[in-house]
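Architecture at a glance
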Amino acid sequence: MIRPILIHPDPRLKKPADPVDTVDDDLRTLAADMLETMYDAPGIGLAAPQIGVMQRVLVMDCVKEEGAEPRPMVLINPEVTWASDEVSIYEEGCLSIPEQYADVERPAEVKVAWTDLDGAERSEHFTGLWATCVQHEIDHLDGKLFIDYLKPLKRQMITRKMQKLKRERARA
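The sections below set out a description of the structure shown in this document. These numbers come from a predicted model, not from an experiment.

Quick notes on the rules
- Residues numbered from 1 in each chain as written.
- Predicted model: local features only at pLDDT ≥ 70, side-chain atom pairs only at ≥ 80, totals over all residues.
- Heavy atoms only, no water.
- Core = buried A, V, L, I, M, F, W, Y, C linked by side-chain atoms within 4.5 Å.
- Buried < 20%, exposed > 50% of the residue type's maximum accessible area, 1.4 Å probe, protein only.
- Helix = DSSP H or I, 4+ residues; strand = E, 2+ residues; numbered from the N terminus.
- Expected span 1.5 Å × (residues − 1).
- Arc of directions from axis to C-beta.
- Contact = heavy atoms within 4.5 Å.

Points about the nonpolar core
Of all hydrophobic cores here, the largest spans 17 residues; its most connected members are Met-60, Met-73, Leu-75, Val-112, Phe-126 and Val-134. If you list the elements that add at least two residues to this core, you get strand E2 (57-60), strand E3 (73-83), strand E6 (109-115) and helix H2 (128-141). At 6 residues, the largest contribution of residues to this core is made by H2. Leu-35, Ile-51, Val-59 and Ile-76 belong to the second largest nonpolar core, which has 15 residues in total.

Structure, rendered in structure tokens:
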């Protein structure tokens, strides 16, 4: 089921999400809904708070090459266990901040540990777009948005555009 995506500013996007205690069928349904919502948007990552669910769950799939096999991932209670000193700059966007993009500097590589949908502990070393995406989504779980990395003036400008967008959508 495709779920509505919250648009900034929304207080839920600024609150840290709660850890997941048990991996059950409700969580598997949530993960499936999140993947469907992300692909439909379309996006490469989505965190549960973006659909109003305050749990530490994110989904992502950074395979963008035409004809390549998709690689949907579900990360429960993800945690960065290592980050490189080397940084990379990517122009980031966000499904909760539509049509707004800005360069964000993050560690170029990260190692992340998480629980999968079978309740097993997993860990992976991410580089490139995958590293940027997983850090962006974990930020959501901590109540942080990519615009929080920007200078105040640029952040305020984007926030005003989002307030206007929300007013327009409310009237429609």
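Some words on helix H3 (residues 152-171)
Look at H3: 29 Å from first C-alpha to last across 20 residues, which is about the 28 Å you get at 1.5 Å a residue. Taken as a whole, H3 has its buried residues at Ile-158, Thr-159 and Met-162. Taken down its axis, H3 places every buried residue within 105° of arc, on the same side. In H3, those exposed residues whose orientation departs by more than 90 degrees from the buried face are Leu-153 and Arg-171. For H3, the secondary structure elements touched by its buried residues are strand E5 (97-107).

These values are about where atoms sit, not about what they do.
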